[in-house]
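Residue-level listing of the chains:
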Amino acid sequence: KLLTKKFPGNFFGVSMTAMQMIEVGAIPKEQIPFYLEKAEQNIDQCLRIAPIHPDYLNAKNIIGEYKKKYHVQ
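Residues numbered from 1 in each chain as written. Predicted model: local features only at pLDDT ≥ 70, side-chain atom pairs only at ≥ 80, totals over all residues. Heavy atoms only, no water.

Right, let's get into the confidence of the model for the chain. Looking at the chain, pLDDT values average 88 and 88% of them are 70 or higher. Considering each helix and strand of the chain separately, the mean pLDDT is smallest for helix α1 (residues 8-23), with a value of 87, and largest for helix α3 (residues 54-69), with 95. (pLDDT = per-residue confidence, 0-100. Helix = DSSP H or I, 4+ residues; strand = E, 2+ residues; numbered from the N terminus.)

Here is the structure:
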């Protein structure tokens, strides 16, 4: 945070909220690709700030699994 003036927790929270909404079926199927893309963009931002943080790396893997599950490229 001190180096970038950005707090990765905000990006992480937004990303995980989107993933939870997908998981519980709160997002229509046709909108899942959009939400996965945004979740991935947020996690990528987290990884730019803290590239080896295990939570961010795990989240990136989970997003990848969801992309496979929902056939999103």
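Continuing now.
Let's shift gears to the side chain of Q45. Within the fold, Q45 resides in helix α2 (residues 32-49). Among the polar contacts listed, one links the side chain of Q45 to the side chain of R48, at a separation of 2.8 Å. (Polar contact = N/O pair within 3.5 Å; in protein donor to acceptor, adjacent residues only side chain to side chain.)

Located in the positive-phi region is H71, a residue other than glycine, with phi close to 55 degrees. Within the secondary structure, H71 sits in the segment after α3.

Structurally, K67 can be placed in helix α3. Residue class for K67 comes out buried when judged on its relative accessible area of 16%. Look past the residues within four positions of K67 in its chain and what remains in contact with it is L36, E40, V72 and Q73. (Buried < 20%, exposed > 50% of the residue type's maximum accessible area, 1.4 Å probe, protein only. Contact = heavy atoms within 4.5 Å.)

We now examine the packing of aromatic side chains. Scanning the model with the defined rule gives three aromatic pairs in all. Residues F12 and Y56 carry aromatic rings whose centres are separated by 5.3 Å and whose planes lie at 55 degrees to one another, so their mutual orientation is tilted. Of this pair, F12 sits in helix α1 while Y56 is found in helix α3, placing the two residues 44 residues apart along the sequence. In this structure F12 comes out as partly exposed when scored by relative accessible area, which is 21%. Ring centres 6.0 Å apart and planes at 40 degrees place the aromatic pair Y66 and Y70 in the tilted group. When the ring centre of Y66 is taken as origin, the NZ or CZ atom of K69, which lies over that ring, is 5.8 Å away. (Phe/Tyr/Trp six-rings, centres within 6.5 Å; stacked < 30°, edge-to-face > 60°. Lys NZ or Arg CZ within 6 Å of the ring centre and 35° of its normal.)

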